[in-house]
Amino acid sequence: MNYTNTLNWMFSQLPMFQRQGAAAFKKDLTNSLALSKHLNYPESTFKTIHVAGTNGKGSTSHMLASVLQEAGYKVGLYTSPHLKDFRERIKINGKIIKKSEVVDFIKNNKFFFEAHQLSFFEMTVGLAFDCFAKHKVNIAIIEVGLGGRLDSTNIITPEVSVITNIGYDHTQFLGETLPEIAFEKAGIIKSKVPVVIGEYQKEVFPVFEKTAKEKESPLFLAASNDSNTYLSDLKGVYQVHNIKTVVQTIAVLKTKGFVISEKNIQNGLKKVVQNTGLLGRWQVLNEQPKVICDTAHNKEGLQYVLKQLQEEEFDQLHMVIGVVNDKDLKTLLPLFPKNAIYYFCRPNIPRGLDALEFQQQCVKFQLMGEAYSSVEAAYKSALNIAGKNDLIFIGGSTFVVAEVL
């Protein structure tokens, strides 16, 4: 099996949530625990930080990795989904793993995967843990895939658990109310392991307090920290919350013997993209016309991004937008500006919502524009129409952004 064949085989296994949606969600950790045993418990050989939350967990994970790299640690980073290359999910000191590592892992364990009917996500988590163990990382930042309590990553006992915030996303799996969703995320809180909560939300904070008390876990609220003095190369206004979360998490790590200086924190936050290769967070792709893409794709994430868009200076706003078919458009579409020209497109994955169908939904909210056959066609059209003082925004879905990078 070569790399392409290996990936095709992985993608065709029990459904992958990112591509197919609901059918991929598994309701227990049996397979993850069985794979861990089969691989001889690789996750027990290195320290970890576990990061959950509706928004900001990707940026927070990359910031933490960057700071720890600046402090001289060998750092594993596991995140999802990927934008261009599957191997973006598994990095060591900011470098993606080799294609041969993916191929060999699948080849050596294929019989086990098939016998136990492992999902794409379960295999990928196993690959990450196996790679981090083989490369002898000092610490790995592990981002939760979906939820927390029943996520394939939730077999680790970390140095610290981090929950950035709670919003409405993936409600078909995690619950319809914020406290229900918070309960799922709180599932990563482990006995006597400190937990950092990024943002104070009145409706859900009691859920975290209750779980932390039951688990005898020290609880820290990052939002109460005054760490506005830190700057980051991640430019979204919303990164202020993530920076506070990172600074609080680093403070907890220092109590556990990690040596991290003030300079390490400053440099780590300023060099996130350089140190980790993070893409798609308020990323400027072009000037004249200015083109910005952002992977925000739920109500809370989009509120921040669309607010920041309004603070930009431009003559005309152009929105290249596509979504996946399980989004609650009634709550998302009212957030979008009515004075923009829209270019509707379908991200090229099975879950992508048809561009014409999306256009029809948007018209109900006075969002006007043409539907295009692909993300590329929509983007090209926007570039052709936009004047040099205009602004083009590309987003609505991680998978739309992936196609323009």
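Residues numbered from 1 in each chain as written. Predicted model: local features only at pLDDT ≥ 70, side-chain atom pairs only at ≥ 80, totals over all residues. Heavy atoms only, no water.

Once that is clear, we can look at the packing of helix α3 (residues 30-38) against helix α5 (residues 99-116). It is the contact of α3 with α5, at a shortest axis distance of 11 Å, that shows an interaxial angle of 155°. Judged by the inter-axis angle, α3 sits roughly antiparallel to α5. In this structure, α3 crosses over α5, and the sense of that crossing is right-handed. On α5, the residues touching N31, A34, L35 and H38 of α3 are N109, F112, F113 and H116. In terms of residue class, the contact of α3 with α5 is made up of four nonpolar, four polar and no charged. (Axes fitted to C-alpha atoms, helices over the stretch in contact; angles between N-to-C directions. Helix = DSSP H or I, 4+ residues; strand = E, 2+ residues; numbered from the N terminus. Parallel < 35°, antiparallel > 145°, perpendicular 65-115°, else oblique. Left-handed = near helix turned anticlockwise from the far one by under 90°. Contact = heavy atoms within 4.5 Å. Nonpolar A, V, L, I, M, F, W, Y, C, P; charged D, E, K, R; others polar.)

For residues besides glycine, phi is generally negative; the peptide bonds are generally trans as well. A cis amide bond links S80 with the next residue in sequence, P81, at an omega value of -5°. Considering the arrangement of structural elements, one finds P81 in the loop between β2 (75-78) and β3 (90-92). In this structure, P289 follows Q288 across a cis peptide bond, with omega equal to -5°. For P289, the position within the fold is in the loop between β9 (283-286) and β10 (290-293). Located in the positive-phi region is N40, a residue other than glycine, with phi close to 70°. By the secondary structure assignment, N40 is in the loop between α3 and β1 (47-52).

Sheet strands line up and pair through hydrogen bonds in the backbone, either parallel or antiparallel. A sheet is described by the order of its strands in space; here six strands give the open sequence β9-β10-β14-β11-β12-β13, paired in mixed fashion. Of all strands in the sheet, those with a lone pairing partner are β9 and β13 (369-371), marking the two edges. Strand-to-strand twist across the sheet, computed as the mean angle between neighbouring axes with direction ignored, equals 20°. Bridging between strand β12 (residues 341-344) and β13 involves three bridges; their strand directions are parallel. Bridge pairing links Y342 to G369 in β13. Across the sheet, helix α15 (residues 355-363) touches β11 (317-321), β12 and β13, and the angle it forms with β13 is around 155°. (Pairing = 2+ DSSP bridges.)

On to the sheet that holds strand β5 (residues 139-143). Strand order in the open sheet formed by eight strands is β4-β3-β2-β5-β1-β6-β7-β8, with mixed pairing between adjacent strands. For this open sheet the edge positions go to β4 (95-96) and β8 (219-221), each flanked by a neighbour on one side alone. Relative to β8, strand β7 (residues 195-197) runs parallel, the two being bridged by three bridges. In the sheet register, I197 faces β8, and the bridge partner there is L221. Taken strand by strand, helix α6 (residues 120-134) contacts β2, β3 and β5, and its axis lies near 10° from that of β3.

This part covers the side chain of T48. Relative to the helices and strands, T48 is located in strand β1. When its relative accessible area of 2% is taken as the criterion, T48 is described as buried. In this view, T48 contacts I139, A140, I142, I156, T157, P158, E159 and V160; residues no more than four positions away in its chain are not counted. (Buried < 20%, exposed > 50% of the residue type's maximum accessible area, 1.4 Å probe, protein only.)

Another aspect to go through is the environment of Q283. One can find Q283 in strand β9. Overall, the relative accessible area of 22% leaves Q283 in the partly exposed class. Through-space distance from the C-alpha of Q283 to that of G236 is 8.7 Å; in sequence the pair is 47 residues apart. Setting aside residues up to four positions removed in sequence, Q283 forms contacts with V291, I292, C293 and L405. For Q283, the side chain forms a polar contact with the main-chain nitrogen of G280, separated by 2.6 Å. (Polar contact = N/O pair within 3.5 Å; in protein donor to acceptor, adjacent residues only side chain to side chain.)

The final tally for this structure, using the stated rule, is 14 salt bridges. R149 is the salt-bridge partner of E184, the closest N and O atoms lying 3.0 Å from each other. In this pair, E184 is assigned in helix α8 (residues 178-185) and R149 in the loop between β5 and β6 (160-163), connecting sequence segments 35 residues apart. Exposure remark for E184: the relative accessible area of 10% places this residue in the buried category. The partly exposed category is assigned to R149, whose relative accessible area is 31%. (Salt bridge = Lys/Arg side-chain N within 4 Å of Asp/Glu carboxyl O.)

Moving on: the pairing of β12. Across four bridges, the pairing between β11 and β12 is parallel. Bridge pairing in β12 places H318 opposite I341. Crossover connection from β12 via α15 to parallel β13: handedness right-handed. (Right-handed = clockwise from strand over helix to strand, strands pointing away.)

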